[in-house]
Amino acid sequence: MDPISTTSVAPSGMLLAGSVVALASSLWLLLPKSSDTVTSRRIGVLLGGVALAGFAATGRSLGCVGEDGVFLTVAAVAVVSGLATIVTRSPVYAAIWFAMTLAGVSGVLLVLGAQFLGVATIVVYAGAILVMFLFVLMLAQPSGMASYDRVSNEPMLAAAAGAVLLGLLTLSIGRLSAAEPAACCRMPSRADALAGATTADPITIEAGAPGGADEVNEVARLGAELFGRHLFAVEVAGVLLLVALVGGIAVVSRGEATEADHRREV
Amino acid sequence: MIPATLLTNALLVGAILFCLGLVGILTRRNLIVMFLSAELMLQGVSVTLVAWSRYHGDWGGQVLVVFVLTVAACEAAVALVLVLQAFARTGRLDAAAWQSLREDNLPRVIDRELPAGDGVAPTWPRLSPAGIRPESDASQSLERDHL
């Protein structure tokens, strides 16, 4: 544990406050408003970069941010695309930026070692859900850019609320990393207990700890856990998918059915 | 087991994505962009769950993210159907088109005081007693002790 993180609380507090203010003003400048100019949006982009760098520096001074280059790259892709998703005017471009965010998040999950979820995020979100969004946009987009895409609701209040919430979360994550040695002392005993359990009890072999010695069987172990301990939840999720399918079809076909009934009555 | 800096890194990324989604859903007026913002919040939560799951050496977080994916797919399907129906009625994707609960050609009704009841105390249904308490699983209690 880095001892600097506990001693340098005061300057990191200033840095954090500065980052919160920069993020709030950047979001306010970037969100769609009636008084937008090219200059204000450029200043917003600049302030956004400053704010993100400020949050990274705050995390570093609090002992949160490591030096994993791959992680920092994919995290930057996810965060910047997420920002672009909510500030871009055109909903189609918002959907495309969201796809970029998904790519970044998938990279983060892969770096964290969740291989199945990284792939599933791309396949399910970017492959299915996002395409559905784009289909609806193609069906429902009026020609030209609508007024409700150019003016947003209360951008100043919402930007301030989001930036303050992020500042509080960063502080609590910093506290977490300051209190982390205790957790580190506890973790090996837990791993030992699990290792003892896996040799003793054949049932818990399937539910071994992720990231253990057997990294190769990662996906198989997630599957064993999912279809072992959480089998009932999987069944419920299947029912939920079926209900959503039937509900979607019912809502869509209701209008057409009544029209057909009306014609028959006439 | 992952190092603690990777955990806090991932928690920061999750927090940033969650807050961006929050700002988006509060400010944007296009129904579809609002849904995209909600999905952005879900992504932030997923990153947080996976990071904790890896840190604690427990599969629960990753299993939960699988269910988050499932529910997000269902939610998107039903919600987009409703958005299409709403667009067919108003010709707009504006959330503000649905903020009034009455039709445009009806008068406003404002309740200035509580409507008087009929003076009869309501009777509420009572739940019947449940069955016996299930026995705890020894293999599960081993894991819960350490959380």
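Residues numbered from 1 in each chain as written. Chains lettered and ligands numbered in written order. Predicted model: local features only at pLDDT ≥ 70, side-chain atom pairs only at ≥ 80, totals over all residues.

Peer 1: In this structure, what is going on with the overall build of chain B? I would like to understand it.
Peer 2: Looking only at helices and strands, chain B has four helices and zero strands in total. Tracing chain B from N to C terminus, the helices and strands come up as α-α-α-α. In terms of overall dimensions, chain B is more spread out than a globule: its C-alpha atoms have a radius of gyration of 24 Å, far above the 15 Å expected for 147 residues. In terms of its C-alpha atoms, chain B occupies a principal-axis envelope of roughly 65 × 45 × 30 Å. Within chain B, the proportion of its 147 residues that are buried is 42%. If you take every contact in chain B between residues at least 6 apart in sequence, the share linking residues at least 24 apart comes to 52%. (Helix = DSSP H or I, 4+ residues; strand = E, 2+ residues; numbered from the N terminus. Rg over C-alpha atoms; globule rule 2.2 N^0.38 Å. Buried ≥ 20, exposed ≤ 12 C-beta atoms within 10 Å, placed from the backbone. Contact = placed C-beta atoms within 7 Å.)

Peer 1: Help me understand the overall build of chain A, please; the structure alone is not making it clear to me.
Peer 2: Broken down by element type, chain A carries 11 helices and zero strands. In chain A, of all internal contacts separated by at least 6 residues, the share reaching a separation of at least 24 is 65%.

Peer 1: Any chance you could explain the interface of chain B and chain A here in plain terms?
Peer 2: You'll often see interface size given as the accessible area lost when the parts meet. At the junction of the two partners, chain B supplies 67 residues and chain A supplies 83 residues. For the side of chain B that touches chain A, the secondary structure elements donating two or more residues are helix 1 (4-27), helix 2 (31-56), helix 3 (60-90) and helix 4 (138-144) of chain B. Among the elements that make up the side of chain B that touches chain A, the one with the highest residue count is helix 3 of chain B (21 residues).

Peer 1: Would you explain unusual backbone geometry in this entry?
Peer 2: We note that Glu154 of chain A has phi near 45°; this positive angle belongs to a residue other than glycine. Topologically, Glu154 of chain A is positioned in the loop between helix 7 (147-150) and helix 8 (155-178).

Peer 1: So what exactly am I meant to see when it comes to the environment of Ile173 of chain A here?
Peer 2: Of note, Ile173 of chain A is situated in helix 8. Considering only alpha carbons, one finds Ile173 of chain A and Ala94 of chain A, 79 residues apart in sequence, at a separation of 29 Å.

Peer 1: Teacher, can you tell me more about the packing of helix 6 (residues 115-140) of chain A against helix 3 of chain B here?
Peer 2: The relative placement of two packed helices comes down to the angle between their axes together with the axis-to-axis distance. As a packed pair, helix 6 of chain A and helix 3 of chain B sit with axes 10 Å apart at the nearest point and diverge in direction by 5°. What the angle tells us is that helix 6 of chain A and helix 3 of chain B run roughly parallel. Taken together, the residues of helix 3 of chain B that come into contact with helix 6 of chain A (itself represented by Leu117, Ala120, Val124, Ala128, Ile129, Met132, Phe133, Val136, Leu139 and Ala140 of chain A) are Gln62, Val65, Leu69, Ala72, Ala73, Ala76, Ala77, Leu80, Val83, Leu84 and Phe87 of chain B. For the contact of helix 6 of chain A with helix 3 of chain B, the class distribution of residues is 20 nonpolar, one polar and no charged. (Axes fitted to C-alpha atoms, helices over the stretch in contact; angles between N-to-C directions. Parallel < 35°, antiparallel > 145°, perpendicular 65-115°, else oblique. Nonpolar A, V, L, I, M, F, W, Y, C, P; charged D, E, K, R; others polar.)

Peer 1: What should I look at first to understand the packing of helix 6 of chain A against helix 2 of chain B in this one?
Peer 2: Remark: helix 6 of chain A packs on helix 2 of chain B, axes separated minimally by 12 Å, with the N-to-C direction vectors making an angle of 175°. With respect to helix 2 of chain B, the element helix 6 of chain A is oriented roughly antiparallel. Contacts between helix 6 of chain A and helix 2 of chain B involve Leu117, Phe133, Val136 and Leu137 of chain A from the first element and Ile32, Leu36 and Val50 of chain B from the second. Tallied by class, residues from the contact of helix 6 of chain A with helix 2 of chain B come to seven nonpolar, no polar and no charged.

Peer 1: Teacher, can you tell me more about the environment of Leu11 of chain B here?
Peer 2: For Leu11 of chain B, the position within the fold is in helix 1. With 101 residues separating them in the primary sequence, Leu11 of chain B and Arg112 of chain B have C-alpha atoms 48 Å apart. Sequence-distant contacts of Leu11 of chain B, defined by excluding residues within four places in its chain, comprise Ile173 of chain A together with Thr48 and Ala51 of chain B.

Peer 1: For this particular structure, what's the right way to read the nonpolar core?
Peer 2: Across soluble globular proteins, nonpolar side chains have a tendency to be buried as a group. Ranked by internal contacts, the top residues of the largest apolar core, which has 85 residues, are Val108 of chain A together with Val13 and Ile32 of chain B. Ranked by residues supplied to this core, first place goes to helix 1 of chain B with 15 residues. Ignoring anything within four residues of it in the chain, the contact list for Val13 of chain B reads Ala75, Ala78, Val79 and Val108 of chain A together with Val47 of chain B. (Core = buried A, V, L, I, M, F, W, Y, C linked by C-beta atoms within 7 Å.)

Peer 1: What is the right way to look at the confidence of the model for chain B in this model?
Peer 2: Detailed reading of predicted coordinates is not advised where the pLDDT is low. Residues and elements named next belong to chain B. With 90% of its residues at a pLDDT of 70 or more, chain B has an overall mean of 83. In the model of chain B, helix 4 stands out as the element of lowest mean pLDDT, 58, in contrast to helix 2, which has the highest, 92. For this predicted complex, the interface score ipTM comes out at 0.79, while the overall pTM is 0.77. (pLDDT = per-residue confidence, 0-100.)

Peer 1: Sorry if this is basic, but what is going on with helix 2 of chain B here?
Peer 2: Side chains that are three or four residues apart share a direction in an α-helix, a result of its 3.6 residues per turn. Residue and element names in this part refer to chain B. In this model, helix 2 (26 residues) spans 38 Å end to end at C-alpha, consistent with the 38 Å of a helix rising 1.5 Å per residue. Burial runs high along helix 2: 22 of the 26 residues are buried. The first or second residue beyond helix 2 is Gly57, which carries a positive phi of 65°. (Expected span 1.5 Å × (residues − 1).)

Peer 1: Any chance you could explain the environment of Val50 of chain A here in plain terms?
Peer 2: Structurally, the position occupied by Val50 of chain A is in helix 3 (residues 38-61). Measuring from C-alpha to C-alpha, the distance between Val50 of chain A and Ser19 of chain A comes to 7.5 Å, with 31 residues separating the pair along the chain.

Peer 1: How should helix 3 of chain A be read in this particular structure?
Peer 2: Counted at 1.5 Å a residue, the expected span for helix 3 of chain A with its 24 residues is 34 Å, and the 34 Å between its end C-alpha atoms agrees. Residues Gly44, Leu47, Gly48, Ala51, Leu52, Gly54, Phe55, Ala56, Thr58, Gly59 and Ser61 of chain A constitute the buried set of helix 3 of chain A.

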